[in-house]
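So the chains spell out like this:
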Amino acid sequence: MRMACVALMLAASLPAFAQETTVRIHSARPFGYFVGDLIHARIDVSVPADAVLSRASLPNPGPLSGSLDLRDVKLRETMENGARLWRLDLTYQNFYVALDARDIEVPGFDLSITTATGAQTIAVPAWRIGVSPLREIAPQKQEQASDYLRPDGSSAFVDEATPLNLAFGAGAAALLALALVARDRAWPPFQQRKARVFSALARQISTRRGADGGNLAVAIQSVHRALDQANGAILLSGDVPEFLRRHPEFELLRVDFERFFETSKRLFFGGESSEDDEAAEQLAQFVSRLARQERAG
Amino acid sequence: MFGALGQALNETLHVVQKLSDWRARALEFEQEIQKAVIGQARVVRLVTICIFARGHVLIEGDVGVGKTTLLRAVSRALGGDFARVEGTVDMMPSDILYHTYLGEDGRPRVDPSELLRHAETLPVFFFNEINRARPQVHSLLLRLMAERSVSAFNRVHHFPYLNVFADRNMVEREETFELPAAARDRFFMEILMAAPDDEEARRRLVFDPAFHDTETLLERVSPGTLDYRETPAVARAIQTHVRSSEALERYVLNLWRALVDPSSAGVSLPDVDLDSLVKGGASPRGLAALVRAARVRAWLEGRDYLIPEDVRDVFIEVMAHRIFVDPIHALRSDDIVKRLCRAAFDATPVP
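Residues numbered from 1 in each chain as written. Chains lettered and ligands numbered in written order. Predicted model: local features only at pLDDT ≥ 70, side-chain atom pairs only at ≥ 80, totals over all residues.

### Things to note about the overall build of chain B
Selection rule: Counting from the N terminus, the helices are the DSSP runs of H or I reaching at least four residues and the strands are the DSSP runs of E reaching at least two. The exposure scheme places C-beta atoms from the backbone and then counts, for each residue, the other C-beta atoms within 10 Å of its own, assigning buried at 20 or more, exposed at 12 or fewer, and partly exposed in between. Whether two residues are in contact depends on their C-beta atoms, placed from the backbone: they are in contact if these lie within 7 Å.
Within chain B, the regular secondary structure consists of 14 helices and eleven strands. Residues counted as buried form 41% of the 351 residues belonging to chain B. Put simply, of all contacts in chain B between residues at least 6 apart along the chain, 78% involve residues at least 24 apart.

Encoded structure:
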């Protein structure tokens, strides 16, 4: 708000601050306020640089008199020409129903500050503003009592169909998202969803490979256990066709299954060495394919 | 030192080559049997395993499914003799060993029975309806099976190539003597022989006249495809040649534990209290038989090492008849034991 005029300027009369402490009250205009109007005032308090303001001494928003409220208090602190400047923006509201144009008083208040010399009080003086009536004292006589009243403003028609549709749409989208999250996390009612054993295994194997290069025998055993879990019983190579019949999502991996069981057979029962990077890579690929098919299924 | 090493290597190579040749002949043997017995590939495979594991067989099957035909075909393909006795309630052990009759001169004679006469050349001895015979007869049979010898005419007769095949009558219960646990445990396998499931095989068995005449049917089987006199040596070679890894040995021991103490191994059956189910059986002899049979299967599959499928494939046949359950389940023990075996497999992780 641009301050159009300076209403008052007070040079504090305290001897110690004679040259340093000033209080200036600015308001947009000193007159022309009607009932209900907001009155914006700015009070600039200039003090020595070392002064500290006690914020408890600031005026509190609330009723000041029967017809004047303080609505809002804002404080900004800056430095100006080596002095400290406190800029108080005060918003009052006038409730005085004036019958003629007259001045009313905006009450003053005290600010407590502390300086090098001790605690001091700065008085912000009362100031006055002019208020005006909205209507003449004796209006022209009307035939109907209702003629003294102004008609109500017509209410605007608000079409609620669009916001309602948007609300329903957003609600449905939120529910769908919730359902997807619940399914992903196997929250009720999706707790019956098959556990994604191969996805967990793929993560586990890739972590293990990253950590210590991975032991092929241990990795193969963990794949066996995951297959057993998916099968609901121990799965041997002879059971694979039946397993694939019951889990058609893995049918694409028939060759990988055969290769896996052959590798496992040679390693665990045929006495072959387990140091084989290619086999480890094939195993990791097999598990990631299993995980992919599991999610697809 | 290198000379000794080279000699050992040569011997190993020789054994490998010999086993490979014998495997081809064993497969040919199976083919020959299946010329006479159709739709019974699994039974033929199990009988082949028993022959190369030198194990005696309990055959369970309905009447008229071809048990005798199968055994005669086996006997013919092995090139040896065939002896058969029928178990009856009044049979005594001497009836198996001696042939008593009146001679032309009217005087009683005692000659060796068919079994004794063929002792040295008998690979197949078929004891039909063994549970009709009395325990005295079972006892003689146990000795014959365990030691491959009997005492008769005041001397010991040896049966170096003998495989006993016994059939149980499962229809009647009157006048039968159920085999005691010890007798059942000495049978290497119990093979179930049912009518074939295959429609075409069923049709041929019923409508093809070739299957109505056993004698002409058996002529289809080439005699002596295998030489029964070599089977003991081959059986020994198989057992030493087929390796078992540590993982497989651990697996078999875990299976054993699952059978003997099912609850501790996490095995469960829906309507059976497993804590008190198994009362006996699953003996070390049974487990040794299991591994013997699995090794022969591995050899027939062309491998020189055991895999879990070998064990599983023969498990029910080798183990089920050796597991004795609480008498409360006696009437349906066969079914429960088979379910227990399957549950043990489902709960024992491998490798």
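### What to know about the nonpolar core
To be explicit about the condition: As used here, a nonpolar core is made of buried Ala, Val, Leu, Ile, Met, Phe, Trp, Tyr and Cys residues. They are joined through C-beta atoms within 7 Å.
Within the largest apolar cluster, 126 residues are counted, with the highest numbers of intra-cluster contacts made by Val287(A), Val57(B), Phe125(B), Leu290(B) and Ala293(B). With nine residues, the top contributor of residues to this core is helix H2 (residues 41-53) of chain B. Each residue touching Val57(B), except ones within four places of it in the same chain, is listed here: Val47(B), Cys50(B), Asn163(B), Phe165(B), Phe187(B), Phe188(B), Met189(B) and Ile191(B). Ranked by size, the runner-up nonpolar core spans 21 residues in total, among them Val23(A), Tyr33(A), Ala51(A) and Leu90(A).

### Some points on the interface of chain A and chain B
If you look at the interface, chain A gives 15 residues, while chain B gives 16 residues. Contributing elements (two or more residues each) for the side of chain A that touches chain B: helix H3 (216-231) and helix H5 (254-268) of chain A. The element contributing the most residues to the side of chain A that touches chain B is H3(A), with four residues.

### Points about the sheet that holds strand E4 (residues 52-53) of chain A
Residues and elements named next belong to chain A. Applicable threshold: Only strands joined by at least two bridges in the DSSP assignment are considered to pair.
The strand order across the open sheet built from three strands is E4-E9-E10, with neighbouring strands paired in antiparallel fashion. Because the sheet does not close on itself, it has two edges, and the strands there are E4 and strand E10 (118-124). Here strand E9 (residues 109-115) runs beside E10; their pairing, made up of seven bridges, is antiparallel. The residue of E10 that forms the bridge with serine 112 is threonine 121.

### Details of the pairing of strand E7 (residues 83-94) of chain A
Residue and element names in this part refer to chain A. By the alternation rule, side chains of E7 split into Arg84, Trp86, Leu88, Leu90, Tyr92 and Asn94, which are all buried, and Ala83, Leu85, Arg87, Asp89, Thr91 and Gln93, of which none is buried. Pairing between strand E6 (residues 68-80) and E7: twelve bridges, direction antiparallel. Among the inter-strand pairings, glutamate 77 is bridged to a residue of E7, identified as tryptophan 86. What sits between the antiparallel neighbours E6 and E7 is a turn of two residues, in which asparagine 81 has the positive phi angle 50°.

### Details of the sheet that holds strand E1 (residues 57-61) of chain B
All names here are of chain B. To be explicit about the condition: Axis definition: a line fitted to C-alpha atoms, over the contacting stretch in the case of helices. Angles run 0 to 180 degrees between N-to-C directions.
Across the sheet, five strands lie side by side as E2-E5-E8-E1-E9; this open sheet has parallel pairing. What marks the edges here is a single partner per strand, and that holds for strand E2 (82-86) and strand E9 (189-193). Pairs of neighbouring strands in the sheet enclose a mean axial angle of 20°, with direction left out of account. Relative to strand E8 (residues 163-168), strand E5 (residues 124-128) runs parallel, the two being bridged by four bridges. Bridging across to E8, phenylalanine 126 finds its partner in phenylalanine 165.

### With respect to the packing of H3(A) against helix H6 (residues 277-296) of chain A
Residue and element names in this part refer to chain A. Heads up, the rule is: Each angle is binned into one of four classes, with values under 35 degrees roughly parallel, values over 145 roughly antiparallel, values of 65 to 115 roughly perpendicular, and all other values oblique. Here a crossing is taken to be left-handed if its near helix is turned anticlockwise relative to the far helix by less than a right angle, and right-handed if that turn runs clockwise. Residue polarity is assigned by list, with Asp, Glu, Lys and Arg as charged and Ala, Val, Leu, Ile, Met, Phe, Trp, Tyr, Cys and Pro as nonpolar; anything else, Gly included, falls into the polar class.
Interhelical geometry of H3 versus H6 gives an angle of 25° and a closest axis separation of 10 Å. Between H3 and H6, the angle is such that the two are roughly parallel. Read as a crossing pair, H3 and H6 show a hand that is left-handed. Contact residues: Leu216, Ala219, Ile220 and Val223 in H3; Ala279, Ala280, Leu283 and Val287 in H6. Among the residues making up the contact of H3 with H6, the classes are represented as eight nonpolar, no polar and no charged.

### Thoughts on helix H11 (residues 246-260) of chain B
All names here are of chain B. This is how the line gets drawn: Multiplying 1.5 Å by the helix residue count minus one yields the expected span of that helix. Note that the arc is defined by the directions from the helix axis to the C-beta atoms.
Relative to the 21 Å expected for 15 residues at 1.5 Å per residue, H11 spans 21 Å between its end C-alpha atoms, a close match to the ideal helical length. Within the sequence span of H11, burial applies to Leu248, Tyr251, Val252, Leu255, Trp256, Ala258 and Leu259. Along the axis of H11, the buried residues cluster in a sector spanning 160°; they form a single face. Exposed positions of H11 whose direction lies more than 90 degrees from the buried face are Glu246, Glu249 and Leu253. Summarising the contacts, the buried residues of H11 are in contact with strand E10 (278-280), helix H12 (284-300), helix H13 (308-319) and helix H14 (333-347).

### Regarding the packing of H12(B) against H13(B)
What describes two packed helices is the angle between their axes and the distance between those same axes. Residue and element names in this part refer to chain B. Interaxial distance between H12 and H13 falls to 9 Å at its minimum, and their mutual angle equals 135°. Taken together, H12 and H13 sit at an angle that is classed as oblique. The chirality of how H12 crosses H13 is right-handed. Where H12 abuts H13, its residues Gly286, Ala289, Leu290, Ala293, Ala294, Arg297 and Ala298 lie against Asp310, Val311, Asp313, Val314, Phe315, Val318 and Met319. Per-class residue counts for the contact of H12 with H13 are ten nonpolar, one polar and three charged.

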